[in-house]
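As a plain string of letters, each chain reads:
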Amino acid sequence: MGKIEIDLKHVDTSLDLNEFKEDICPDLDLNENNTLPKVMRARVRQWGGEKIWMTHKDFGIWQPYTWKDCYERIELVHLGLVSLGLEPGDVVGIIGDNDPRWFWAEFAVQVGRGIVAGMYTDYHYAEVKYVLGFSKATFAFAKDQEMVDKIVHEKDNLPNLKKCIYWESKGLWFYEQPWLMSYDELEDLGREYKKSHPTLFDENIDKGQPDEPAVIMLSSGTTRMTEDGVPRSQMGQMTHRAVMANLIGIFKLDAWYPTDRWLSYLSPAWGEQYFGLTGGLLSGLEVDFPEEPETINNDIREIGPQALLFPARLWEARIAEVFSRLKDSSRFKRFFYNRFLPLGYKMADYVMTGKKAPLWLSILNKIGYWLVFRPLRDQMGLLHLRHGYNAGATLGPESLRWLHALGIPVKQLYGTTEAGIHCIHPDGDIDYETVGKVLKPEWITVSKEGEILMRGPILGCGYLNDLGAWEKVFDEEGWYHTGDAGHINENGHLIFYDRMKDMVTMPTGRKFSPQYVESRLKFSEFITDCIVLGGEDKAFVSAIVTVDYANAGDWAEKHRVPYTTYPDLSQKSQIYDLVKEEVERVNLYLADDIKIKKFANLHKEFDADDAELTRSGKIRRKFFEERYAELIATIYSDAEKYETEAPVKYRDGRTGKIRTSVTIKTVIE
Amino acid sequence: MPIIDWTRIPLFQGRQKVESDSAILRVEDLYLRFGALEAVKDVSFEVKGNEILSIIGPNGAGKTCVLNCINGFYRPQRGRIYFKDKEITKLPSHRIAPLGISRTFQNLALYTGLTALDNLMAGRHPHPAMSKEGVISGAFYFGRAHRIEIENREVIEYIIDLLEMEEIRGKVVHSLSYGQRKKVELGRALALEPELLLLDEVMAGMNLDEKDDMARYVIDVHELWGIPVVLVEHDMGVVMDLSDRVIVMDWGTKIAEDVPEVVKKDPRVISAYLGTAEAAERRIT
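Residues numbered from 1 in each chain as written. Chains lettered and ligands numbered in written order. Predicted model: local features only at pLDDT ≥ 70, side-chain atom pairs only at ≥ 80, totals over all residues. Heavy atoms only, no water.

Chemist: Help me out: how do you make sense of the overall build of chain A in this one?
Modeler: The helix and strand tally for chain A stands at 22 helices and 27 strands. Over its C-alpha trace chain A gives a radius of gyration of 25 Å, about what one expects of a compact globule, namely 26 Å for 669 residues. Taking the principal axes of the C-alpha coordinates as reference, chain A spans close to 80 × 60 × 55 Å. Taking all 669 residues of chain A together, 62% fall into the buried category. (Helix = DSSP H or I, 4+ residues; strand = E, 2+ residues; numbered from the N terminus. Rg over C-alpha atoms; globule rule 2.2 N^0.38 Å. Buried < 20%, exposed > 50% of the residue type's maximum accessible area, 1.4 Å probe, protein only.)

Below, the structure written as structure tokens:
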């Protein structure tokens, strides 16, 4: 392999995919088709123009693309890139919303034995510079003017970048940079190149090997920073064999069929590499792309997907939306909802554990289904959902149970950037205290210190351009250290506590996971985010909460509480009372010495641009505690108010200051 | 194969950035009076084929009156208005719109009970293509009427894409925020595929983000369609950034006309429009 260095020392490359897959994807021979592009070709030969691979809503219409359509486009993009000088081992950066053209570009690069480094659309230019610069990307794809501008801004710092290709030309008509080019122009180049190289695409597919890197998963980078002050994400590479084995392992527990539809919503910089891209290819299901990220609520209803993956915060947002709309609905509707929900909960307990429910309950639940659950699910666009996955952060047990009461089968996943997805809930074996059943007990274990360890064939092949750091995450026996704390219970389910370093010991000696408490708090429709604080130096547990602007604002309007902006709303005493009730609800579940005694509503929402969250929505705890050290100190003093002047960083890189005061409320004296 | 191909749409055919300096609209000695109140006093100016022209001035300076005269809402007592060398002074507004002049309104003129999409489709109604529908075909929605409707919808979808209105396409206008309604208003004006766009305070009442977006759309429309834009605006930052030329009005007269850099420094403009503290107070009371 050319310029990319990989490390196959730790990953088990002896796995025979055909043997491993057993009866999954019976129509695929994975010895013959041992890379993703080869699987793609096999699928195209199988289905051609008969079956739809992708649909994308554009100009208000769902535009279908069959396997043959996509294959032809991928060929053109590939040949276009080759004619511009794409070589094996090249890295290509892509930034943009989910779109067939992103997927085509990635497959085109894979065929050329290069690798794609995806980026989140809300990256500011310093982060774009880091990913493109550190990966030494030779080409970049960008969706539109907004994304292209970020690259234009940093072009002088990116000596390796030869061309940037955009797929929406709006606003770019008069850009004169010679290194900019539209997707259509690239395909034209490919068309021209094909005349002199008619079989090159096929030959290049044949050259791929199963133990070459296929995809990059961007780690969230919770610890280190670059000199520009942006998080230093590691780029974990995965081989074709590993990523295919991973998906097959998942399908064994949770099967996908070619007749299913998958909603592509999660950023392709991250989990979508596994699901929509690899999973879509292996299972042959239809991958649907919403028109814009903002139109998801409408589009999801039009698609009615069988499978999708939302990050926890999106599930929570959808639940909060239903709650808020229920409050506005008629008494008649609420009456039925309140009568049938307890039955739904009862039924869910049977379904989740795979037991057979008594006849009377099944009958009543069926009535509830037609009267309440079905219309609600239809409103949410989740009527046909069979596999709803949650990733990123854990979803609180209340949220999970509520979804199941409605009959929405949401399952937890657990995985890491470096080692793929190792746990998932199979149907009929869902335990809301765990993050899923382990795919294979030999591949995962828990150390004496309580740290989750992994090895086996589903493992990365090194951080891109940083193999030194890769070596450090393994021990002598070849186990990968996740840095997460957890344990495996008697049913083979993994219980995830938290990051090892985030586990907190109270002065009383009790250990607890702040994230667990946070996920329970976040079930509330009025709370979007929160951070729970504790530790040996802290006399009691406290929380800093951000209220949900839409729902709390709605509540305030109905109860005639005037407010102007978010900071103003968050500091209203009535809103504090609301949050207090939620805190008291959660306190019921907690042991006395870890009950939340005080909390404060933060005057702003957590923001990834301020580096308070990772781009996938996890809290960057250490950073947060440093940044709000004064507020935290005030919480642990006797003061009831904290005056602040917080620095803010705008997306374009400018900085400013916001001055506010934050009230601290005591829950338990 | 669906690809975004702007040139395929009738809207954009043969409409590259106009380089011509010739005037598309000429206003000569315009005079408008309501009883004893002289709203516009002998104002003359030209709009060139490739520019963004701003008209600024304090409240009551007569800016909107000028626009109302151009598109036929008001009948001026004196003066003439020429559009592409054709006199339109005496034409009623429903005859002026199909000529290719469309505008947005300061106080929004939308059907609040219809969806954003329906509002745009309604805005398409004065377009010459619609008159070819025929009564019977139109009443029963078949044949030509059916085809024309689909063509219209295609144009509207391109406008929706241009103004990033996908999210609000199916929403009823009265449920939209003010900034979103302004966007629908602009879209409705564009639905006519105008050759001259008159924008009456499109940025008023918007927050900073919405203003940025709106400025972007105005530039996009201007660049992509190569059509001249007349902008009546209060926000000086926006005006100075966007405009090729600026006309300043005060008490119904034109007191300055030049490029933004010059207008900014003109002492008459500063005292009339930007004003001193006392001047500002006088205006409010």
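Chemist: Help me out: how do you make sense of the overall build of chain B in this one?
Modeler: When you go through chain B residue by residue, the secondary structure sums to 11 helices and 10 strands. Looking at chain B as a whole, 52% of its 285 residues are labelled buried. If you take every contact in chain B between residues at least 6 apart in sequence, the share linking residues at least 24 apart comes to 69%. Entry remark: accessible area of chain B is about 13,200 Å², with carbon and sulfur atoms responsible for 53%. (Contact = heavy atoms within 4.5 Å. Areas by Shrake-Rupley, 256 points an atom, 1.4 Å probe, with all protein chains shown as cover.)

Chemist: Quick question: what am I supposed to make of helix 11 (residues 296–303) of chain A here?
Modeler: Given 3.6 residues per helical turn, the α-helix brings residues three or four places apart onto the same face. All names here are of chain A. Buried within helix 11 are the following residues: Ile296, Asp299, Ile300 and Ile303. Buried positions in helix 11, seen along its axis, are confined to an arc of 100° and lie on one side of it. Just beyond helix 11, the residue with positive phi is Gly304, at close to 60°. (Arc of directions from axis to C-beta.)

Chemist: Honestly, the nonpolar core in this entry has me stumped. Any pointers?
Modeler: Nonpolar side chains in soluble globular proteins generally cluster together in the buried interior. Residues and elements named next belong to chain A. Residues Met40, Trp53, Phe141, Ile151, Phe275 and Leu282 are the most contacted members of the largest nonpolar core, which totals 109 residues. Excluding residues that lie within four positions of it along the chain, Trp53 makes contacts with Met40, Tyr65, Thr66, Trp67, Cys70, Ile74, Phe107, Leu281, Leu285, Glu286 and Val287. By size, the runner-up hydrophobic cluster in this structure holds 47 residues, among which are Ile575, Phe599, Phe606 and Tyr628. (Core = buried A, V, L, I, M, F, W, Y, C linked by side-chain atoms within 4.5 Å.)

Chemist: Is there a simple way to think about the pattern of salt bridges in this case?
Modeler: When charged atoms on two side chains of opposite charge get close, those side chains can pair. Residues and elements named next belong to chain A. Counting across every chain of the model gives 63 salt bridges over all chains. Notably, a salt bridge pairs Lys252 with Glu22, separated by 3.7 Å at the nearest N-O pair. With a gap of 230 residues between them, Lys252 in helix 9 (residues 240–253) and Glu22 in the loop between helix 1 (17–21) and helix 2 (36–47) connect regions that are remote in the sequence. On the basis of relative accessible area, Lys252 is assigned to the partly exposed category, the value being 32%. When the shortest N-O distance is used, the salt bridge between Glu321 and Arg325 registers 3.4 Å. In this pair, Glu321 and Arg325 are both assigned in helix 12 (residues 312–328), 4 residues apart and thus about one turn of the helix distant. A relative accessible area of 29% places Glu321 in the partly exposed class. Taking the relative accessible area as the measure of exposure, Arg325 reaches 44% and is therefore partly exposed. Residues joined by salt bridges that share partners form a network here, namely Asp97, Lys143, Asp144 and Glu292. (Salt bridge = Lys/Arg side-chain N within 4 Å of Asp/Glu carboxyl O.)

Chemist: In this structure, what is going on with a nonpolar patch on the surface? I would like to understand it.
Modeler: Side chains of Leu359, Trp360, Ile363, Leu364, Ile367 and Leu371 of chain A sit close together on the surface and give an oily, nonpolar patch of about 580 Å² of accessible area. Look at Leu359 of chain A and you get exposed, because its relative accessible area is 64%. (Patch = residues over 30% accessible without salt bridge, like charges linked within 9 Å, V, L, I, M, F, W, Y side chains within 5 Å.)

Chemist: Please explain the packing of aromatic side chains as it appears in this structure.
Modeler: Here a ring pair, both rings aromatic, is described through the centre-centre distance and the interplanar angle of the planes. Within this structure, the stated rule accounts for 38 aromatic pairs over all chains. Centre to centre, the rings of Phe310 of chain A and Trp315 of chain A are 5.2 Å apart; their planes meet at 65°, and the pair counts as edge-to-face. With respect to class, Phe310 of chain A is no different from Trp315 of chain A; both count as buried. Ring centres of Phe34 of chain B and Tyr74 of chain B lie 5.3 Å apart, and the angle between their planes is 80°; this geometry places the pair in the edge-to-face category. Taken together, the residues Phe34 of chain B in strand 1 (residues 23–34) and Tyr74 of chain B in the loop between helix 1 (63–70) and strand 4 (78–83) connect sequence positions 40 residues apart. Residue Tyr74 of chain B is classed as partly exposed on the basis of its relative accessible area, which comes to 28%. By way of ring pairs, the aromatic residues Phe251, Trp256, Trp262, Phe275 and Tyr389 of chain A are connected into one cluster. Above the face of the Trp179 of chain A ring, Lys155 of chain A is positioned so that its terminal group lies 5.2 Å from the ring centre. The ring of Tyr589 of chain A has Arg520 of chain A sitting right over it, with the charged end atom 4.0 Å from the ring centre. (Phe/Tyr/Trp six-rings, centres within 6.5 Å; stacked < 30°, edge-to-face > 60°. Lys NZ or Arg CZ within 6 Å of the ring centre and 35° of its normal.)

Chemist: Would you explain the confidence of the model for chain B in this entry?
Modeler: Fine structural detail should not be taken from predicted coordinates in areas where pLDDT scores are low. Residue and element names in this part refer to chain B. Confidence along chain B averages 82 in pLDDT terms, with 86% of residues attaining 70 or more. Across chain B, strand 8 (residues 229–232) holds the top mean pLDDT of 93, while helix 11 (residues 277–284) sits lowest at 50. Contacts from residues 1–10, a stretch scored under 50 in pLDDT, to residues over four places away or in other chains number 29 contacts. In the predicted structure, residues 13–18 sits below a pLDDT of 50 and forms 15 contacts with residues beyond four places in sequence or in another chain. Our summary of model confidence lists the complex with pTM equal to 0.83 and ipTM equal to 0.75. (pLDDT = per-residue confidence, 0-100.)

Chemist: Would you mind showing me how to read the sheet that holds strand 17 (residues 444–446) of chain A here?
Modeler: All names here are of chain A. Across the sheet, 4 strands lie side by side as 17-18-19-20; this open sheet has antiparallel pairing. Single-partner strands in this sheet number two, and they are strand 17 and strand 20 (494–499). For this sheet the average axis-to-axis angle between neighbouring strands, irrespective of direction, equals 45°. Bridge count for strand 17 against strand 18 (residues 451–454) is 3 bridges, and the pairing is antiparallel. Residue pairing across strands places Val446 opposite Ile452, the latter belonging to strand 18. (Pairing = 2+ DSSP bridges. Axes fitted to C-alpha atoms, helices over the stretch in contact; angles between N-to-C directions.)

Chemist: Would you mind going over unusual backbone geometry with me for this structure?
Modeler: Keep in mind that most residues, glycine aside, have a negative phi and that most peptide bonds are trans. Located in the positive-phi region is Asp29 of chain B, a residue other than glycine, with phi close to 45°. Relative to the helices and strands, Asp29 of chain B is located in strand 1.

Chemist: Can you walk me through the interface of chain A and chain B in this structure?
Modeler: Often the size quoted for an interface is simply the accessible area lost on bringing the parts together. Taken together, the contacts link 20 residues of chain A with 19 residues of chain B. Both faces considered, chain A and chain B share a buried interface measuring about 1,900 Å² in area, 57% of it formed by carbon and sulfur atoms. Per-residue buried area on chain A facing chain B is highest for Phe59, Lys170 and Trp173 of chain A; these three make up 36% of the total on that side. Our count for the chain A to chain B interface comes out at 2 salt bridges. We note a salt bridge from Lys170 of chain A to Glu164 of chain B, for which the minimum N-O separation is 3.4 Å. Taken together, chain A and chain B are joined by 5 residue pairs in polar contact (both at pLDDT 80 or more). Elements supplying a minimum of two residues to the side of chain A that touches chain B: strand 1 (52–58), strand 2 (61–66) and helix 3 (67–83) of chain A. Broken down by class, the residue content of the side of chain A that touches chain B amounts to 4 nonpolar, 6 polar and 10 charged. (Buried area = accessible area lost by both parts, 1.4 Å probe. Polar contact = N/O pair within 3.5 Å; in protein donor to acceptor, adjacent residues only side chain to side chain. Nonpolar A, V, L, I, M, F, W, Y, C, P; charged D, E, K, R; others polar.)

Chemist: Teacher, can you tell me more about the domain arrangement of chain B here?
Modeler: Residues and elements named next belong to chain B. Structurally, chain B comprises domain 1 (19–100 + 194–285) and domain 2 (109–193). The C-alpha-based centres of domain 1 and domain 2 are spaced at 26 Å. Counting residues at the interface gives 18 residues for domain 1 and 15 residues for domain 2. Across the interface of domain 1 and domain 2, roughly 1,400 Å² is buried in total on both sides, 73% from carbon and sulfur atoms. It is Pro194, Tyr217 and Trp225 that lose the most area in domain 1 upon contact with domain 2, and together they represent 36% of the buried surface on that side. Joining domain 1 to domain 2, the criterion identifies 0 salt bridges. At the boundary of domain 1 and domain 2, one finds 4 residue pairs in polar contact (both at pLDDT 80 or more). Taken together, the elements giving at least two residues each to the side of domain 1 that touches domain 2 come down to helix 2 (93–100), strand 7 (196–200) and helix 7 (208–225). (Domains from an automatic or database assignment.)

Chemist: Hey, could you run me through the side chain of Thr138 of chain A in this one?
Modeler: Residue and element names in this part refer to chain A. For Thr138, the location among the structural elements is in the loop between helix 5 (125–134) and strand 5 (139–142). The exposure class assigned to Thr138 is buried, which follows from its relative accessible area of 9%. Polar side-chain contacts of Thr138 include one of 3.3 Å to the side chain of Asp90. Sequence-distant contacts of Thr138, that is, excluding residues within four places in its chain, are made with Asp90, Val91, Asn160, Leu161, Lys162 and Lys163.

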